[in-house]
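# Residue-level structure breakdown
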Amino acid sequence: MQNLRRASQWLVFLVFVFLFLNTEYKDNDVLAYAVNIFLRLDPLVAGAAVLAGRAVITLVWPALVVVGLTLILGRFFCGWFCPLGSVLDFTSATVFRKLKRRTQVPESWRRAKYLLLAFLFASSLFTLQFVFLLDPISIIIRSFTAAVYPAMNYVINSTLGPLYATPVAPVTEPVYGFLQRHFLAFEQPHFRMAGLIGFIFFGILAAEYFQRRFWCRNLCPLGAMLGLLGRSGIVKRRVSEPDCISCGRCERDCRMGAVEKDFFTTGRADCIDCMDCRAVCPEDAISFTGGVAAKGAGLDLSRRGVLTSLAIGAAAVPLFGSEAYRKSADPSLIRPPGALAEDEFLARCTRCGECMRVCIANGLQPSLFEAGLPGLWSPVLAPRIGYCEYNCTLCGQVCPTGAIKRLPLEEKKKVKLGLAEVDRDHCLPWKGDSECIVCEEHCPTDKKAIRLRDETVVTMYGETRSFKRPYVDEGLCVGCGICETKCPLTDRSAIFVTSRGESRADAPMLM
Amino acid sequence: MDYKFDRRAFLKGAATCSLAATGLNLVDGMDPLGIMGGAWAADARPLIAVAKNGAPAQMARASVMAVGGMGRYVKKGDVVVVKPNIGWDRTPELAANTNPDVVKEVVKMCLEAGAKKVRVMDRTCNDPRRCYKRSGIADAVESIGDPAVTVEHIDERRFVTLPIKKGGSLESWTFCQDMLDADRLINVPIAKHHNAARLTMSLKNIMGCLGGNRGNIHHDLDGNIAALNTVMKFDLIVMDAVRVLTANGPQGGKTKDVKVLNTVVAGTDPVAVDAFGATLFGITANDVPHVMNAARLGLGVADLAKIKIKTIDLG
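Residues numbered from 1 in each chain as written. Chains lettered and ligands numbered in written order. Predicted model: local features only at pLDDT ≥ 70, side-chain atom pairs only at ≥ 80, totals over all residues. Heavy atoms only, no water.

### Focus on the pattern of salt bridges
- In the structure shown here, the tally under the stated rule is 41 salt bridges over all chains.
- Of the charged contacts in the structure, one is a salt bridge between Glu474(A) and Arg500(A), with a shortest N-O distance of 2.7 Å. In this pair, Glu474(A) is assigned in the loop between β7 (464-472) and α22 (482-486) and Arg500(A) in the segment after β8 (495-498), connecting sequence segments 26 residues apart.
- Taking the shortest distance from any N to any O, the salt bridge between Arg158(B) and Asp181(B) comes out at 3.7 Å. Of this pair, Arg158(B) sits in the loop between β4 (149-151) and β5 (159-163) while Asp181(B) sits in helix α6 (residues 177-181); the two residues are 23 residues apart in sequence, bridging distant segments of the chain.
- It is possible to trace a salt-bridge network through shared partners that takes in Arg5(A), Asp89(A), Arg213(A), Arg255(A) and Asp276(A). (Salt bridge = Lys/Arg side-chain N within 4 Å of Asp/Glu carboxyl O. Helix = DSSP H or I, 4+ residues; strand = E, 2+ residues; numbered from the N terminus.)

As structure tokens, this is what we get:
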């Protein structure tokens, strides 16, 4: 059974990687796979989005399957399925293989995950969704998207890439070509905050130094949720008392520290059905079966702690709700096409990074503080980095919670992300420096939103010359930002998009 | 590094001979088949062929046949780069990219002429994958099913900086090495409206051979297009005018701006091809400054009276 579990972990992780690699345009306007399925299976994401978003979200129905199975099997998800859990196990089994862990992590730390869950529940209940910070599936996809995968691309591109011009090219080029076809991104991805997001991810991995599954034991709110749901599940760890010789190996080897010192009692909210104990037991005294006779440990939770967490969660709502961004939104807060109205959007968005991963021009970026702290890492279009491809609908296809609506192409083309504006003090033909027209050329709308007018200018040398100057037709501009991306000026763009006039704004546009 | 290629030296020689022949003012009629353009012909006028009113593939073939057949340009064992215009994420009926059937037929003719390898590539404006796919060019070329044919994305590592000695405001620019390295380079542009250059045809199609931030070329587009064409030259031009974009170019987006002309033009003189191309839009080379600049730099003949035009009506 232990081998079966390992096989399951590997298989699920490979599927995870396969779907991750396929969260990219592959010559097809519609993605071939449900690449967001891991997030849609996640009851924490589903629960928070439904609770905070005040909506029935049919997209996340698969989470009910996980809830149902957890009621029967306990916290199996963590031991058999969770890709982050598998990465942690792999880290312990490789990097920390020979490590003798001397530090004792206090048992009481386990409580933290329940307190975090309580905090998240209370804040979500009052529409403030902080689940994104701690949900393991969001963490792993976001980290892979913004940090791990770009870093991997960077390493390969900068080592194998330049060798094409050297004598070893006949060896390296086929390898590089193979990697490009199957593993590398079409173009090197670049993300804001890659360093920070990656640092947190590797921090979670590094915590294995203190304890196996440190994250899962102490911090993971999804683990806490599944533990609470599954503690009275039918399938449980049972020890046959006549057979047990009290050798203690099960207690010593438990990756979750879920076996009590008496070896019979199991911390049920922590047992992840990994079945290591069953494998190491020299007397085959341990089984994972249904039935009644099994000793379970109670939850070591104080009512006061839980209530405090709930109170903090609730108190966070007015604290963040009165942040300044709520009064005057940042003009660079340009949301993906099909994004819901801001409050609803943030309530649902779990910052998983799927939309940023799939964005064909690398334009969707994790936000800094454009939407305040509660909006951290939510997707914003950063047109100087990349634009929204006019004929592309991929971000709406991958959003697991419907924070970005899945729109048919014809509808998507009508969505205004914002409006472009020419910086006339910076634009070459406006200043009378030279011709340009690059923004107009790239403007994708059927009738050009950027149009040129031949106008006479007196240049700085006193010559009278005629230049084609760009004007933006605000009725036609969709705010895709390709003009800002392609503006040939090497510093800031002379044409830029702001969120003004965006379709999802509740208030009428101020012209 | 000195990038000298047989192909280019060959062309240079050809141009010199052509000039010499012009000087001698040789009489027309010494080339009864009318297939010998440029240097080899007794008739010193550059030859272009215009095929009309057929299917795109048929016109592509007929026009190339009329300028001597592909065998004249591609030799057995050559590595050929075919350079269409695949600039935009647009479908064929919007006439923003070269007609896929024209590209496919050119590739097929290269194979028939014995090319060892035919590589199709362009440096696009929208996402390259979307452009290759939605233009229909990748699918059309791949449908040939010959392993000697590859549709490739531009390898961004492989650009070399070359000096630009004549014309324009640029001192140097980066050029695609794969195209420079090819034994034969075939230009397969589409003729269409362009808001800055007026029209984009064979000369302007060189933009897809360039690296770097091409927006900077637009500061003196008319001068720079001509200047860039003095550095990199094409062995053959097969210009698609099956559907042409008459407004909102180069990207278009409305079928209302598209006019069906059912024409394909072939030739080796880019200025002559473009000068003829201008007439398809009801204007002349005089109205397209970059074509006149190219003529001034000695890249070809813009005066239609001095061009020999063979018309093949397939209708």
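Still more to cover.
### Remarks on a nonpolar patch on the surface
- On the surface, Trp61(A), Leu64(A), Val65(A) and Leu69(A) cluster together into a nonpolar patch covering about 420 Å² of accessible area.
- Using a relative accessible area of 54% as the deciding quantity, one classes Trp61(A) as exposed. (Patch = residues over 30% accessible without salt bridge, like charges linked within 9 Å, V, L, I, M, F, W, Y side chains within 5 Å. Areas by Shrake-Rupley, 256 points an atom, 1.4 Å probe, with all protein chains shown as cover. Buried < 20%, exposed > 50% of the residue type's maximum accessible area, 1.4 Å probe, protein only.)

### Focus: the nonpolar core
- Phe77(A), Ile140(A), Phe201(A), Trp215(A), Phe345(A) and Ile495(A) are the most contacted members of the largest nonpolar core, which totals 127 residues.
- Among the elements that line this core, the one with the most residues is helix α8 (residues 136-159) of chain A, at seven residues.
- Counting residues in hydrophobic clusters, the runner-up holds 100 residues, among them Val74(B), Val118(B), Leu162(B) and Leu203(B). (Core = buried A, V, L, I, M, F, W, Y, C linked by side-chain atoms within 4.5 Å.)

### Some words on helix α3 (residues 43-53) of chain A
Residues and elements named next belong to chain A.
- Across the eleven residues of α3, eight count as buried, placing the element largely inside the fold.
- Taken together, the buried positions of α3 are occupied by Pro-43, Leu-44, Val-45, Ala-46, Ala-48, Ala-49, Ala-52 and Gly-53.
- Each element contacted by the buried residues of α3 is listed here: α2 (37-40), α4 (62-73), α7 (111-125), α8, α12 (221-230) and α16 (342-348).
- The distance from a side-chain oxygen at the start of α3 to the backbone nitrogen of Leu-44 is 2.8 Å, and the residue carrying that oxygen is Asp-42.
- One or two positions beyond α3, positive phi appears at Arg-54, with a value near 55°. (Contact = heavy atoms within 4.5 Å. Polar contact = N/O pair within 3.5 Å; in protein donor to acceptor, adjacent residues only side chain to side chain.)

### Overview of the environment of Arg123(B)
Residue and element names in this part refer to chain B.
- Within the secondary structure, Arg-123 is located in the loop between β3 (117-120) and α4 (128-134).
- Its relative accessible area of 14% is what places Arg-123 among the buried residues.
- In this structure, Arg-123 is in contact with Ile-154, Glu-156, Phe-159, Gly-208, Leu-210, Gly-211, Gly-212 and Arg-214, ignoring residues within four places of it in sequence.
- Separated by 3.1 Å, the side chains of Arg-123 and Glu-156 make a polar contact.
- Polar side-chain contacts of Arg-123 include one of 3.5 Å to the backbone oxygen of Gly-211.

### With respect to the interface of chain B and chain A
- Taken together, the contact between chain B and chain A spans 29 residues of the former and 36 residues of the latter.
- Between chain B and chain A the total buried area reaches about 2800 Å² when both faces are included, carbon and sulfur atoms providing 47% of it.
- Remark: the boundary between chain B and chain A carries three salt bridges.
- Between chain B and chain A we count 19 residue pairs in polar contact (both at pLDDT 80 or more) in total.
- With five residues, α4(B) is the largest single contributor of residues to the side of chain B that touches chain A.
- Of the residues belonging to the side of chain B that touches chain A, the class tally is five nonpolar, 13 polar and eleven charged. (Buried area = accessible area lost by both parts, 1.4 Å probe. Nonpolar A, V, L, I, M, F, W, Y, C, P; charged D, E, K, R; others polar.)

### Details of the confidence of the model for chain A
- When pLDDT is averaged across chain A, the result is 93; 98% of the residues are at 70 or more.
- Here residues 507-511 of chain A is a poorly scored stretch, pLDDT under 50, and it has four contacts once near neighbours within four places are set aside; other chains count. (pLDDT = per-residue confidence, 0-100.)

### Side note on the pairing of strand β8 (residues 190-194) of chain B
Residue and element names in this part refer to chain B.
- Counting buried residues in β8 gives five out of five residues, a clear majority hidden from the surface.
- Note that β8 and strand β10 (residues 236-245) share two bridges and pair parallel. Residue pairing in the sheet places Ile-190 in a bridge with Asp-240 of β10. (Pairing = 2+ DSSP bridges.)

### Looking at unusual backbone geometry
- Here Gly249(B) and Pro250(B) are connected by a cis peptide whose omega angle stands at 10°.
- One can find Pro250(B) in the loop between β10 and β11 (258-267).
- Even without a glycine there, the phi angle at Thr127(A) is positive, about 75°.
- Mapped onto the fold, Thr127(A) is located in the loop between α7 and α8.
- For Thr127(A), a relative accessible area of 39% corresponds to the partly exposed category.
- Positioned with a positive phi, Arg351(A) is a non-glycine residue whose angle comes to about 60°.
- With respect to the helices and strands, the residue Arg351(A) is situated in the loop between α16 and α17 (354-358).

### Remarks on the domain arrangement of chain A
All names here are of chain A.
- For chain A, the assigned domains read domain 1 (2-235), domain 2 (236-298), domain 3 (336-412) and domain 4 (419-498).
- Placing the centre of domain 1 and that of domain 2 at their C-alpha centroids yields a distance of 28 Å.
- Contacts between domain 1 and domain 2 engage 22 residues on the former and 24 residues on the latter.
- Carbon and sulfur atoms make up 45% of the area that domain 1 and domain 2 hide from each other, which totals about 1800 Å². (Domains from an automatic or database assignment.)

### Describing the environment of Pro270(B)
Residue and element names in this part refer to chain B.
- Topologically, Pro-270 is positioned in helix α8 (residues 270-280).
- Residues Pro-270 and Leu-236 lie 34 residues apart in sequence; the distance between their C-alpha atoms is 8.7 Å.
- If we ignore the near neighbours within four places in the chain, the residues touching Pro-270 are Ser-202, Leu-203, Ile-237 and Leu-299.

### Examining the packing of α8(B) against helix α9 (residues 289-296) of chain B
Residue and element names in this part refer to chain B.
- Where α8 contacts α9, the two axes come as close as 10 Å, and the packing angle between them is 150°. Taken as axis vectors, α8 and α9 run roughly antiparallel relative to one another. Regarding α8 and α9, the two cross each other, and that crossing is left-handed. Between α8 and α9, the residues in contact are Val-271, Asp-274 and Ala-275 and His-290, Val-291, Ala-294 and Ala-295, respectively.
- Each residue belonging to the contact of α8 with α9 can be placed in one class, and the counts come to five nonpolar, one polar and one charged. (Axes fitted to C-alpha atoms, helices over the stretch in contact; angles between N-to-C directions. Parallel < 35°, antiparallel > 145°, perpendicular 65-115°, else oblique. Left-handed = near helix turned anticlockwise from the far one by under 90°.)

### As for the confidence of the model for chain B
Residues and elements named next belong to chain B.
- Taken as a whole, chain B shows an average pLDDT of 89; of its residues, 87% reach a score of 70 or greater.
- Here residues 1-5 scores under 50 on pLDDT; set against residues more than four positions off or in separate chains, the count is six contacts.
- The low-confidence segment residues 8-41, where pLDDT is below 50, has 42 contacts with residues more than four positions distant or belonging to other chains.

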